[in-house]
Amino acid sequence: MDTALAPDIIRRRRRRTLAAAAAALALACAAAWGINRAAGPSVSLSDIAVAEIRRGSIANTVSAAGVVVPEHEELVPSPIQSRVAKVHAKLGQQVAAGELLLELDDRNVRLALDGIREQIAQQDNRILGLTLDMDQKRKQYASAIELLELDLQSTRAKRERYATLRAVGAVSGEDMLTAELNVQRTEVQLRQQKELIEDNRRSTASGVEGARLQKSILQKQLDQQRILLAQTQVCAPFAGMLTSLAAEEGAAVAVGQLVAKVSDLGNYRVEATLSDFHTRLLSPGQAVRVEQGKQVLAGRVHTILPEIQNGTVKLLVALEQPSHALLRNKLRVDVNIVTEQKTNVLVADSGPAFNGKGRQAVFVLRGGTAHKAMLDIGASDGKAVEIAGGAQAGERVIISDVSRYKELDSIRIQQ
């Protein structure tokens, strides 16, 4: 016959069973944790860049490549096709305004000057000859007029005498008609001589005016050649540094070829080049940040050049500190043109995790896990981005490149 177990024995057995179950559960949890630890994706906090979302200001910018150039420089072209006769300066030399830099061979210009002077002298001789000829003909016509006036007086006297005699029948009608015709003939000859004087005067005046006009044209050509002769003495247009020079004596130069360039290296501006895709966003007066390393210089868009070459547009930037010690001729800089300014918005430091504007997946840290979230990315100035939606101030996001985890919804973060 079975004997009933004592209550103490039953309690001890129950405690052992519960302890065994608890130990088994703890072992199972530890095993699951170990498996998850070994197989689940994780990343060390030290291997990623994290930024905190905060409120602040941000400028939407367009990036461009820039080069520092002198604010004032002048190119001196060759005025003629010639050769370098003599060089008086050296490249990189500081020159004063008007200082002689080099001389061009001016023999052809001097020959042209002599030829034009000879043509001007010919026109002067032509004017003198026309004037003398007019005076001579005027004297001839004047003498002929004096004789004709005497003849006219004689014929008129004869006509009056015949008229008196005709009244008493002493002269025939034919003689009277002849006397009358002689008077008319002499009057016509006298009028013709007077008209010849006027015609000769007008003809001579026209010839003289033509010669004077030709002389004026030649005089202008002479002045131009004198200017060219002066320009063969190539001088510095202003005080500055000689940054380009045709320094080889005897070298041939073409018309318009650069023979010297003087630059003011005390003040600079920036020439920026960017894609013509951004042309609609640009306007004169926009704020500009010029960056070289960690140094940032402020400026403004001064001029947007209208010509587009190879899909790029060029603009000129005026700097607030054009004589800053950082600036050097031909120094390459980064140019950020501010197209929009926003204040009191959510921003985060920029990084490879962000890809332009729009809605995109970013990992947000919550506890020890980074969860994928869709954020609306707005303006960017190259250093920070606007978080237009999808997150709140104080949250932290991964801004480094985590593209290898793009298929995952979460990542464990190891401290």
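Just so it is clear, the model here is predicted, and its values are computed rather than measured. (Residues numbered from 1 in each chain as written. Predicted model: local features only at pLDDT ≥ 70, side-chain atom pairs only at ≥ 80, totals over all residues. Heavy atoms only, no water.)

A.B. asks: Help me understand the overall build of the chain, please; the structure alone is not making it clear to me.
C.D. replies: When its secondary structure is counted, the chain shows three helices and 21 strands. Since a compact globule built from 415 residues should have a radius of gyration of about 22 Å, the 52 Å found for the chain marks it as more spread out than a globular shape. With the C-alpha coordinates of the chain rotated into their principal frame, the extents come out at 215 × 60 × 30 Å. Each of the 415 residues in the chain was classed as buried or not, and the buried ones make up 32%. Pairs at least 24 residues apart make up 77% of the contacts formed inside the chain by residues separated by at least 6 positions. As displayed, the chain offers around 25,200 Å² of accessible surface, 51% of which is attributable to carbon and sulfur atoms. In the chain, which carries 53 positive and 47 negative side-chain charges, the distance between the mean positions of the two groups comes to 11 Å. (Helix = DSSP H or I, 4+ residues; strand = E, 2+ residues; numbered from the N terminus. Rg over C-alpha atoms; globule rule 2.2 N^0.38 Å. Buried < 20%, exposed > 50% of the residue type's maximum accessible area, 1.4 Å probe, protein only. Contact = heavy atoms within 4.5 Å. Areas by Shrake-Rupley, 256 points an atom, 1.4 Å probe, with all protein chains shown as cover. Lys, Arg positive; Asp, Glu negative; His and termini not counted. Charge placed at Lys NZ, Arg CZ, Asp CG, Glu CD.)

A.B. asks: Honestly, the pattern of salt bridges in this entry has me stumped. Any pointers?
C.D. replies: Oppositely charged side chains are able to pair whenever their charged atoms sit close together. Scanning the entire structure with this criterion turns up 17 salt bridges. Linking E198 and R202 is a salt bridge whose minimum nitrogen-to-oxygen distance equals 3.4 Å. Of this pair, E198 and R202 are both found in helix α3 (residues 173-231), four residues apart, which corresponds to roughly one turn of the helix. Residue class for E198 comes out partly exposed when judged on its relative accessible area of 31%. If you follow the salt bridges from partner to partner, you end up with E198, D199, R201 and R202 in one network. (Salt bridge = Lys/Arg side-chain N within 4 Å of Asp/Glu carboxyl O.)

A.B. asks: What's the story with the sheet that holds strand β6 (residues 94-95) in this structure? I'm lost.
C.D. replies: Working definition: the strands of a sheet are paired by backbone hydrogen bonds and lie parallel or antiparallel to each other. Spatial strand order, β4-β11-β9-β6: four strands in an open sheet with antiparallel pairing. With partners counted over all chains shown, the strands left at the sheet margins are β4 (73-77) and β6, one partner each. (Pairing = 2+ DSSP bridges.)

A.B. asks: Looking at this structure, how should I read the pairing of strand β15 (residues 312-319)?
C.D. replies: Remember that side chains alternate between the two faces of the sheet whenever the strand is regular. By the bridge criterion, six bridges tie strand β12 (residues 268-275) to β15 in an arrangement that is antiparallel. By the bridge assignment for β15, L274 is matched with V313. Sheet topology places strand β14 (residues 295-309) next to β15; seven bridges connect them, and they run antiparallel. Of the residues in β15, the one forming a bridge with I308 is V313. Taken together, β14 and the strand that follows it, β15, pair antiparallel across an intervening segment of two residues, in which N310 is found at a positive phi of about 50 degrees.

A.B. asks: Would you mind going over the nonpolar core with me for this structure?
C.D. replies: Across soluble globular proteins, you tend to see nonpolar side chains buried next to one another. Within the largest apolar cluster, 20 residues are counted, with the highest numbers of intra-cluster contacts made by V270, L274, V290, V335 and I337. Setting aside residues no more than four positions away along its own chain, L274 makes contact with V62, S63, A64, L282, G311, T312, V313, L315 and I337. The next biggest cluster of nonpolar side chains, apart from the first, holds 18 residues, and it includes A89, L104, V234 and A236. (Core = buried A, V, L, I, M, F, W, Y, C linked by side-chain atoms within 4.5 Å.)

A.B. asks: Help me understand helix α2 (residues 107-167), please; the structure alone is not making it clear to me.
C.D. replies: For an α-helix, 3.6 residues make a turn, and residues three or four places apart therefore share a direction. Along its 61 residues, α2 runs 89 Å from first to last C-alpha, staying within 8% of the 90 Å computed at 1.5 Å per residue. Inspection of α2 places V109, L113, I116, I120, Q123, I127, Y141, I145, L148, L152, T155 and Y162 among the buried residues, and these make up the whole buried set. Next to the buried residues of α2 lie α3. G169 lies just past α2 and shows a positive phi near 85 degrees. (Expected span 1.5 Å × (residues − 1).)

A.B. asks: Got a minute to help me understand the side chain of Q123 in this structure?
C.D. replies: Note on placement: Q123 falls in helix α2. In this structure Q123 touches A211, Q214, K215 and L218, once residues within four positions along its chain are discounted.

A.B. asks: Explain the sheet that holds strand β10 (residues 252-253) to me, please; I cannot follow it from the model alone.
C.D. replies: If you walk across this open sheet you meet the four strands as β8-β7-β5-β10, and the pairing is antiparallel. Edge positions in the open sheet fall to β8 (233-235) and β10, since each of these has one partner strand only. Two elements, strand β7 (residues 100-104) and β8, share three bridges in a ladder whose sense is antiparallel. Bridge pairing in β8 links E103 to Q233.

A.B. asks: Just checking my understanding: could you explain unusual backbone geometry for this structure?
C.D. replies: Peptide bonds are, in most cases, trans, and in most cases residues other than glycine have a negative phi. The phi dihedral of N310 is positive, around 50 degrees, even though this residue is not glycine. Along the chain, the position of N310 falls in the loop between β14 and β15. The exposed category is assigned to N310, whose relative accessible area is 81%. Positive phi, normally seen in glycine, also occurs at K330, with a value near 70 degrees. Looking at where K330 falls in the secondary structure, it is placed in the loop between β15 and β16 (332-349). Judged by its relative accessible area of 53%, K330 is exposed.

A.B. asks: Sorry if this is basic, but what is going on with the packing of aromatic side chains here?
C.D. replies: The geometry of an aromatic ring pair is captured by two quantities: the separation of the ring centres and the angle between the planes. Counted according to the given criterion, the structure contains zero aromatic pairs. The ring of F277 has R280 sitting right over it, with the charged end atom 5.6 Å from the ring centre. (Phe/Tyr/Trp six-rings, centres within 6.5 Å; stacked < 30°, edge-to-face > 60°. Lys NZ or Arg CZ within 6 Å of the ring centre and 35° of its normal.)

A.B. asks: I keep staring at the packing of α2 against α3 and nothing clicks. Help me out?
C.D. replies: The relative placement of two packed helices comes down to the angle between their axes together with the axis-to-axis distance. Their axes nearest at 8 Å, the elements α2 and α3 cross at an angle of 170 degrees. By the criterion of interaxial angle, the relationship of α2 to α3 is roughly antiparallel. Of the residues in the contact of α2 with α3, the class split is 28 nonpolar, 17 polar and 19 charged. (Axes fitted to C-alpha atoms, helices over the stretch in contact; angles between N-to-C directions. Parallel < 35°, antiparallel > 145°, perpendicular 65-115°, else oblique. Nonpolar A, V, L, I, M, F, W, Y, C, P; charged D, E, K, R; others polar.)

A.B. asks: Teacher, can you tell me more about the side chain of N200 here?
C.D. replies: Looking at the secondary structure, you find N200 in helix α3. Owing to a relative accessible area of 10%, N200 belongs among the buried residues under this scheme. Excluding anything up to four places from it in sequence, N200 contacts M134, K137, R138 and Y141.

A.B. asks: I keep staring at the pairing of strand β17 (residues 358-366) and nothing clicks. Help me out?
C.D. replies: The pairing of β17 with strand β18 (residues 369-380) spans nine bridges and is antiparallel. For A361, the partnering residue across the bridge sits in β18 and is M374. In this sheet, strand β20 (residues 396-398) lies alongside β17 in antiparallel orientation, the contact comprising two bridges. Opposite L365, over in β20, you have R396 as the bridge partner.

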